[in-house]
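# Observations on chain architecture
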Amino acid sequence: MNGSPGAADLVRLWPPSRAPASTRVTALLVALHGDGVRRSPLGVHHQRMLRLHGQIGGRALDAVVTCARCSTENEFAVPIGAICAVPEPATDAEVALAVGVALVRYRLPTLSDLAAISGMSVPEGLASLAARTCLDDEAPELADGDIGRLAEAWEELDPAAAVQVDLVCAECRADVVADVAVAEFVADELDRTVDGLVHQVDVVARAYGWSEDAILALPAQRRRRYVELIEQRGDPSAFPLAAVGS
Ligand SMILES: [Zn+2]
């Protein structure tokens with residue numbers, strides 16, 4: 001599917017589970033765009049999540065980071081436009097890493113690679129990622145320094161993979177680097193959007209008896225207008241408890 005998902009797609013496809021936000025958002029993107037989503041590098045995935053956020057009319061993403069020095073909570077806006085404007089890496093982008101006297105080639109890790117290392121410690125996970133992404137016949141053992149250089153080279157090739165915002169603490173002026181959990185924000189927005197749509201279906205279906213499909217197929221503005229009319233009128237069938245005890 002191309003273009004923006006419609007209201008019916010969101011209600012049908014957004015998983016109402018307690019699974020982690022990243023699992024739910026990835027499942028929705030796979031349902032919308034196909035399994036190729038799992039072969040995307042992380043930065044491309046971040047951009048796709050933020051575009052989806054924009055397509056569903058998502059609000060500005062306001063985040064909070066606690067200053068390590070003075071514990072002040074600093075609010076900041078996630079720069080969605082800037083993150084989406086970062087150029088995507090080429091699909092065949094590779095890193096050539098000097099290991100001893102050899103040059104070893106690596107591709108960028110994909111969402112599938114990252115899913116495979118979930119639950120591992122950071123050093124174990126990075127070593128496993130290096131082995132999975134090595135394009136040469138035999139993946140060499142890497143020292144910590146090699147792995148650090150590989151991680152830096154990956155980040156350079158796919159800069160939207162690390163969504164970090166540099167701030168100055170409003171209280172003590174210390175430098176603060178905020179990591180942004182993109183999936184969490186987008187999952188919150190999807191929960192809010194889908195809850196709102198289901199509420200609208202509930203209100204309109206009670207008042208007019210229309211089907212869920214028919215209500216979700218309405219343009220968003222008209223759907224909201226019907227809900228306003230019904231709520232202004234205080235339709236008794238929408239509030240069955242109002243009759244109780246009167
Ligand atoms: Zn501070």
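What you see as residue numbers is a count from 1 along each chain, following the sequence as written. Selection of residues for local features in this predicted model requires a pLDDT of at least 70, selection of side-chain atom pairs for listing and counting requires 80 or more, and totals for whole chains, interfaces and linings are taken over all residues. Excluding hydrogens and water, the side-chain figures rest on all heavy atoms present in the structure.

## Details of the packing of helix α2 (residues 21-33) against helix α3 (residues 42-55)
- Packing of α2 against α3 leaves a shortest axis separation of 11 Å and a crossing angle of 80 degrees. Taken together, the axis directions place α2 and α3 in an arrangement best described as roughly perpendicular. Contacts between α2 and α3 involve Val25, Thr26, Leu28, Leu29, Leu32 and His33 on the former and, on the latter, His45, Arg48, Met49 and Leu52.
- Residues were grouped as follows: Ala, Val, Leu, Ile, Met, Phe, Trp, Tyr, Cys and Pro as nonpolar; Asp, Glu, Lys and Arg as charged; and all remaining residues, including Gly, as polar. Partitioned by chemical class, the residues of the contact of α2 with α3 number six nonpolar, three polar and one charged. An axis is simply a line fitted to the C-alpha atoms; with a helix, the fit covers only the stretch in contact. Between two such axes, the angle follows the N-to-C directions and lies from 0 to 180 degrees. Helix and strand definitions follow DSSP, with helices as H or I runs of at least four residues and strands as E runs of at least two, each counted in order from the N terminus. Note on terminology: angles under 35 degrees are roughly parallel, angles over 145 are roughly antiparallel, angles of 65 to 115 are roughly perpendicular, and the others are oblique. The criterion used for residue contact is that any of the two residues' heavy atoms lie within 4.5 Å.

## A short note on the confidence of the model for the protein
- Chain-level pLDDT for the protein is 90 on average; 94% of the residues reach the 70-or-more range.
- One confidence number per residue, pLDDT, is output by the predictor and ranges from 0 to 100. A low-confidence stretch, residues 241-246 (pLDDT under 50), is modelled with zero contacts involving residues beyond four sequence positions or located in other chains.

## Topic: the coordination of the zinc ion
- Think of the donor list as every N, O and S atom within 2.8 Å of the metal, or within 3.2 Å for Na, K and Ca; water never makes the list, so a site can look incomplete. Those donors, Cys67 (SG), Cys70 (SG), Cys169 (SG) and Cys172 (SG), are the protein atoms that reach the zinc ion, and they lie 2.3 to 2.4 Å from it.
- Under this scheme a four-donor centre is tetrahedral when all angles range from 85 to 135 degrees, a four-donor centre is square planar and a six-donor centre octahedral when opposite donors are above 155 degrees with the rest from 65 to 115, and any other centre is irregular. Because the angles between the four donor atoms bound to the zinc ion fall within 105 to 112 degrees, the donor set is best described as tetrahedral.
- Each donor residue of the zinc ion lies on the same chain, and together they follow the pattern C-x2-C-x98-C-x2-C. With Cys67 in the loop between β1 (62-66) and β2 (73-77) and Cys169 in the loop between β5 (164-168) and β6 (175-179), this residue pair connects regions lying 102 residues apart in the sequence.
- Burial status follows relative accessibility: with a 1.4 Å probe on protein chains alone, a residue under 20% of its type maximum counts as buried, one over 50% as exposed, and anything between as partly exposed. The class for Cys169 is buried, based on a relative accessible area of 0%.

## Overview of the nonpolar core
- The biggest cluster of nonpolar side chains holds 47 residues, and the ones touching the most others in it are Phe76 and Leu190.
- Here the element with the most residues in this core is helix α8 (residues 182-208); it accounts for ten residues.
- Sequence-distant contacts of Leu190, defined by excluding residues within four places in its chain, comprise Leu10, Trp14, Leu28, Leu52 and Ile56.
- Judged by nonpolar contacts, the second largest core, of 15 residues, contains Leu97, Tyr106, Leu129 and Leu142. Only buried residues count toward a nonpolar core. Its members are Ala, Val, Leu, Ile, Met, Phe, Trp, Tyr and Cys residues joined through side-chain atoms within 4.5 Å.

## Considerations on the packing of aromatic side chains
- Planes of paired rings set the category: under 30 degrees apart is stacked, over 60 is edge-to-face and the rest tilted, where pairs are Phe, Tyr or Trp rings (Trp by its six-membered ring) whose centres lie within 6.5 Å. Within the structure shown, the criterion is met by three aromatic pairs.
- Centre to centre, the rings of Tyr208 and Tyr226 are 5.6 Å apart; their planes meet at 80 degrees, and the pair counts as edge-to-face. A residue pair is termed long-range when its members are at least 10 positions apart, and Tyr208 in helix α8 and Tyr226 in helix α10 (residues 220-233) qualify at 18 residues.
- Classification of Tyr208 as partly exposed rests on a relative accessible area of 29%.
- Measuring from centroid to centroid gives 5.2 Å for Trp210 and Tyr226, while their planes differ by 85 degrees, and the two rings are edge-to-face. You can see Trp210 sitting in the loop between α8 and α9 (212-217) and its partner Tyr226 sitting in helix α10, a full 16 residues away along the chain.
- Residue classification places Trp210 among the partly exposed positions, given a relative accessible area of 32%.

## A few points about the domain arrangement of the protein
- Here the limits of each domain have been adopted from an automatic or database domain assignment. Domain parsing of the protein yields domain 1 (1-60 + 179-235) and domain 2 (94-157).
- The C-alpha-based centres of domain 1 and domain 2 are spaced at 36 Å.
- With eight residues of domain 1 at the interface, the matching set in domain 2 holds six residues.
- The junction of domain 1 with domain 2 conceals about 480 Å² of combined surface from both sides, 71% of it contributed by carbon and sulfur atoms. Here the quantity called buried area is the total loss of accessible area, with a 1.4 Å probe, experienced by two parts when brought into contact, counted for both.

## Some remarks on the environment of Val203
- For Val203, the position within the fold is in helix α8.
- In sequence terms Val203 and Ala93 are 110 residues apart; their C-alpha atoms lie 51 Å from each other.
- Setting aside its immediate chain neighbours within four residues, Val203 contacts Val227, Ile230 and Glu231.

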